[in-house]
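So the chains spell out like this:
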Amino acid sequence: MKQIITFLFILAFASCQTDEKEVYLFTSFHEPADEGLRFLYSYDGYHWDSIPGVFLKPEVGRQKVMRDPSMVQGPDGTFHLVWTCSWNQDPGFGYASSKDLIHWSEEKYFPVMAHDTSVVNVWAPELYCESETGEFYIVWASTIPYKFERGVEEERNNHRLYYTKTKDFVDLTPAELFYDPGFSSIDAVIVKRAPEDYMLVFKDNTRPERNILAAFGKTPAGPYRDMTERFTEMYTEGPSVVKVGDEWLIYFDSYRKKTYNAVSTKDFKQFTPVNDKISIPPGHKHGTILKVSENILKGLINR
């Protein structure tokens, strides 16, 4: 009996020793956004370093840029990436996939808003994977002039949030209106806190606001209600949300100041600035944060 217990202890210890360590990875780009995909990494979610080099050069879209790169890892381990490929006069976004973030598939272009010839743009497509169904949600901002009440924004800057769903990035559902808060909005991120407990973090893109807030929902597709107060100052955008310990960190781009900042929250009701606790390399522009195995990171660094 003692031998069996010893064997099980050794087996359990060996299993713990072989568990892959995870790190945080932050997708990034540099202005003027024509070079391509970059990465930052962190072991604690607060202090970030750059991984030298560009890992995917944009080849699709009218202007062939890569802004707002958003990435998730699917249930089979494949990484899926979407990005803004043009500033305007383009009804779609770019897409590519990879197993190791070094070797990438052929890039695809998804013209999700081509059904409306008046659409101005497709900005900041953001990926979310629902683990319970295996469905990928892609949310972006588009302007369709004269479709919504204009408010303070001119017709070609009056954005609303749209989405599509897919399981294979081959067949996408028709684009639908995702969320209309009653004002121009962009840069939406879906966050799952628990079953039937979701947050939508997004930017109010109206003058004079130009800042970030959140809303509550019970499914990934909403409906989202009970908007929070704006918890960043004016001229901020590109929220990236990550759970670190028992709190959520919301990183964002203070584009007028040319700084990168963050707030922390436990309940999405009270938000605390944590700029003195974070460090971000200069030149970083907003993407998404996810956890990856340390082996993936080592492969990127040693490429």
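Residues numbered from 1 in each chain as written. Predicted model: local features only at pLDDT ≥ 70, side-chain atom pairs only at ≥ 80, totals over all residues. Heavy atoms only, no water.

(A) Layout of the side chain of S240. Positionally, S240 belongs in strand β15 (residues 236-244). Residue classification places S240 among the buried positions, given a relative accessible area of 2%. At 2.6 Å, the side chain of S240 forms a polar contact with the backbone oxygen of G287. (Helix = DSSP H or I, 4+ residues; strand = E, 2+ residues; numbered from the N terminus. Buried < 20%, exposed > 50% of the residue type's maximum accessible area, 1.4 Å probe, protein only. Polar contact = N/O pair within 3.5 Å; in protein donor to acceptor, adjacent residues only side chain to side chain.)

(B) Looking closely at the sheet that holds strand β3 (residues 49-51). If you walk across this open sheet you meet the four strands as β3-β2-β1-β19, and the pairing is antiparallel. Either end of the sheet is taken by a strand with one partner, and the two such strands are β3 and β19 (289-293). Across the sheet, the mean angle separating the axes of adjacent strands is 40 degrees when strand polarity is ignored. Alignment of strand β1 (residues 22-28) against β19, held across five bridges, turns out to be antiparallel. (Pairing = 2+ DSSP bridges. Axes fitted to C-alpha atoms, helices over the stretch in contact; angles between N-to-C directions.)

(C) Molecular detail of the nonpolar core. In terms of nonpolar packing, the biggest core is built from 23 residues, with L25, F39, M71, L101 and W104 touching the most fellow members. Those elements that provide at least two residues to this core are β1, β2 (38-42), β5 (79-84), β19 and α2 (294-301). Contacts of W104, omitting those with residues within four sequence positions, involve L37, F55, L56, M71, L81, A96, S97 and S98. With 19 residues, the next largest nonpolar core counts Y128, Y137, V139 and Y179 among its residues. (Core = buried A, V, L, I, M, F, W, Y, C linked by side-chain atoms within 4.5 Å. Contact = heavy atoms within 4.5 Å.)

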